[in-house]
Amino acid sequence: MKLDKTVFALHKCIRERYLQYLEGFSLEQLAVIPEGFRNNLLWNISHAIVTQQLYCYYNSGLPMYVSEDFIAAYRKGTVPDGHIPTQEEVDTLKKLLISTQEQMEEDYQKGIFTTYTDYLTGLNYPLRCVEDAIYFNNTHEGMHLGLVIAIKYLI
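Conventions and cut-offs
Residues numbered from 1 in each chain as written. Predicted model: local features only at pLDDT ≥ 70, side-chain atom pairs only at ≥ 80, totals over all residues. Heavy atoms only, no water. Helix = DSSP H or I, 4+ residues; strand = E, 2+ residues; numbered from the N terminus. Rg over C-alpha atoms; globule rule 2.2 N^0.38 Å. Buried < 20%, exposed > 50% of the residue type's maximum accessible area, 1.4 Å probe, protein only. Salt bridge = Lys/Arg side-chain N within 4 Å of Asp/Glu carboxyl O. Patch = residues over 30% accessible without salt bridge, like charges linked within 9 Å, V, L, I, M, F, W, Y side chains within 5 Å. Areas by Shrake-Rupley, 256 points an atom, 1.4 Å probe, with all protein chains shown as cover. UniProt positions renumbered as here; feature names shortened; annotations may be inferred. Expected span 1.5 Å × (residues − 1). Arc of directions from axis to C-beta. Contact = heavy atoms within 4.5 Å.

Going by the annotation in an unreviewed UniProt entry, the name recorded for the protein is DinB family protein, with Capnocytophaga gingivalis given as the source organism.

Here it is as structure tokens:
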């Protein structure tokens, strides 16, 4: 199955919304964990980037475009470490939101995704090829966008 441009257009739309939230809050607000939540705005947005890299690149046996430290800090099962981000960290995150979205579309069009290791998501949805991963990634990022929107009202 070959993906059409709409799946990438949706991903870009989600990433642009994340950018709006990064630009709309202070560094301190990005680190607030509201009562009843496990994570903050910064973590949810960073986690979206990490998960896309794991779903699409790692499971395809390809190098990822983010550091191992970044992955270790924001992968599934992690929680914020309590630090308030610097402006430099936020600026880097903004660049990653755009660059990893654009790079995935470009890499897909180039046909670099040739193998895939099956993966069962936390929703028990199986990913059997990169196309499954790209589609499901939009769902995953949409769920975290919902959390970002909820947190926004509580900080």
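It is worth spelling out the overall build of the protein at this point. Across its full length, the protein holds six helices and two strands. Each helix (α) and strand (β) of the protein, taken in turn from the N terminus, gives the series α-α-α-α-α-β-β-α. Here the C-alpha atoms of the protein give a radius of gyration of 15 Å, agreeing with the 15 Å that 2.2 N^0.38 yields for 155 residues. Considering only C-alpha atoms, the protein reaches an extent of 45 × 30 × 25 Å along its principal axes. Across the 155 residues of the protein, 46% fall into the buried class.

Time to look at the environment of G82. For G82, the location among the structural elements is in the loop between α4 (68-74) and α5 (87-110). Using a relative accessible area of 64% as the deciding quantity, one classes G82 as exposed. Residues G82 and I33, 49 residues apart in the sequence, show an inter-C-alpha distance of 9.1 Å.

Here we take up the pattern of salt bridges. Summed over all chains, the structure comprises four salt bridges. A salt bridge links E105 to K5, with the nearest nitrogen and oxygen atoms 3.1 Å apart. In this pair, E105 sits in helix α5 while K5 sits in helix α1 (residues 5-24), placing the two residues 100 residues apart along the sequence. By relative accessible area, E105 is classed as buried at 16%. A relative accessible area of 55% places K5 in the exposed class. One salt bridge in this structure joins K94 and E23, with 4.0 Å as the shortest N-O distance. Of this pair, K94 sits in helix α5 while E23 is found in helix α1, placing the two residues 71 residues apart along the sequence. We classify E23 as exposed; its relative accessible area is 54%.

Here the focus is a nonpolar patch on the surface. On the surface, a cluster of nonpolar side chains totalling about 300 Å² of accessible area is made up of L123, Y125 and M143. In this structure, M143 sits in helix α6 (residues 130-152). A relative accessible area of 38% means that M143 is categorised as partly exposed.

With that settled, the discussion passes to the UniProt feature "domain: DinB-like" (unreviewed entry) in the protein. On the UniProt side, "domain: DinB-like" (unreviewed entry) is annotated at positions that read residues 15-147 here. End-to-end, the C-alpha atoms of residues 15-147 are 14 Å apart, and along that stretch the chain is 59% helix and 3% strand.

The terminal C-alpha atoms of α1, which comprises 20 residues, lie 29 Å apart, in line with the 28 Å expected from a rise of 1.5 Å per residue. When we look at burial in α1, the residues that qualify are V7, F8, H11, I14, R15, Y18, L19, Y21 and L22. The buried residues of α1 all sit within an arc of 160° when viewed along its axis, so they share a single face. Of the exposed residues in α1, the ones pointing more than 90 degrees away from its buried face are K5, T6, E23 and G24. In this structure, the buried residues of α1 make contact with α2 (27-30), α3 (41-56), α5 and α6.

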